[in-house]
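Below, each chain spelled out in residue letters.
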Amino acid sequence: MSELQSAKTLNNPLSDLISDEVFDLLFSRGLIHERAVRDYRIRVKFKALRAQKVRTGDAIDSLREEYPYLQFDTIRKIVHNPPKQANV
């Protein structure tokens, strides 16, 4: 049972913001922007590394190990430039 719960938790990268049920519903309706979710997770991990007194460059290098397809400057832009607010 715990394996099923851990697999379910990994499926929801926004578990600190929304429940698994809400995430599943939004994802099934195509309302989750995967790149925005990835960028959010990168910013959260970066802030956690910086809170541990890891140097900025080292924190970005650590994130590059998790996301090898992103370049150093791309991650730097993600963590230093907040997302644009959509005008509705």
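Note that the coordinates shown come from a computational prediction; the quantities given were computed from them, not determined experimentally.

Caption draft 1: Quick peek at the overall build of the protein chain. A tally of regular secondary structure across the protein chain gives five helices and zero strands. Each helix (α) and strand (β) of the protein chain, taken in turn from the N terminus, gives the series α-α-α-α-α. Scored against the burial criterion, the 88 residues of the protein chain give a buried share of 23%. Contacts in the protein chain between residues at least 24 apart in sequence constitute 35% of all its contacts with a sequence separation of at least 6. For the protein chain, the exposed surface amounts to about 6,900 Å²; the carbon and sulfur share of it is 53%.

Caption draft 2: Region of interest: unusual backbone geometry. For Lys-53, which is not glycine, the phi torsion reads 70 degrees and is therefore positive. Given a relative accessible area of 73%, Lys-53 falls into the exposed group.

Caption draft 3: Examining the environment of Arg-64 more closely. Structurally, the position occupied by Arg-64 is in helix α4 (residues 56-66). Ignoring sequence-local partners within four residues, the contact set of Arg-64 consists of Leu-70, Gln-71, Phe-72 and Ile-75.

Caption draft 4: Just helix α3 (residues 34-51), in detail. Over its 18 residues, α3 runs 26 Å from end to end, which matches the ideal 26 Å to within 8%, given 1.5 Å per residue. Those residues of α3 not exposed but buried are Val-37, Arg-38, Asp-39, Ile-42, Arg-43, Phe-46 and Leu-49. Buried residues in α3 make contact with α4 and α5 (72-80). A positive backbone phi angle near 70 degrees is found at Lys-53, which sits one or two residues after α3.

Caption draft 5: A look at the packing of aromatic side chains. Counting across every chain of the model gives two aromatic pairs. Between Phe-23 and Phe-27, the aromatic rings sit 5.9 Å apart at their centres with planes inclined by 15 degrees, giving stacked as the arrangement. Of this pair, Phe-23 and Phe-27 both sit in helix α2 (residues 20-28), four residues apart, which is roughly one turn of the helix. With a centroid separation of 6.2 Å and 85 degrees between ring planes, the pair formed by Tyr-67 and Tyr-69 is classed as edge-to-face.

Caption draft 6: Spatial organisation of the pattern of salt bridges. Counted under the stated rule, the structure contains five salt bridges. Linking Arg-76 and Asp-73 is a salt bridge whose minimum nitrogen-to-oxygen distance equals 3.5 Å. Of this pair, Arg-76 and Asp-73 both sit in helix α5, three residues apart, which is roughly one turn of the helix.

About the cut-offs
Residues numbered from 1 in each chain as written. Predicted model: local features only at pLDDT ≥ 70, side-chain atom pairs only at ≥ 80, totals over all residues. Heavy atoms only, no water. Helix = DSSP H or I, 4+ residues; strand = E, 2+ residues; numbered from the N terminus. Buried < 20%, exposed > 50% of the residue type's maximum accessible area, 1.4 Å probe, protein only. Contact = heavy atoms within 4.5 Å. Areas by Shrake-Rupley, 256 points an atom, 1.4 Å probe, with all protein chains shown as cover. Expected span 1.5 Å × (residues − 1). Phe/Tyr/Trp six-rings, centres within 6.5 Å; stacked < 30°, edge-to-face > 60°. Salt bridge = Lys/Arg side-chain N within 4 Å of Asp/Glu carboxyl O.

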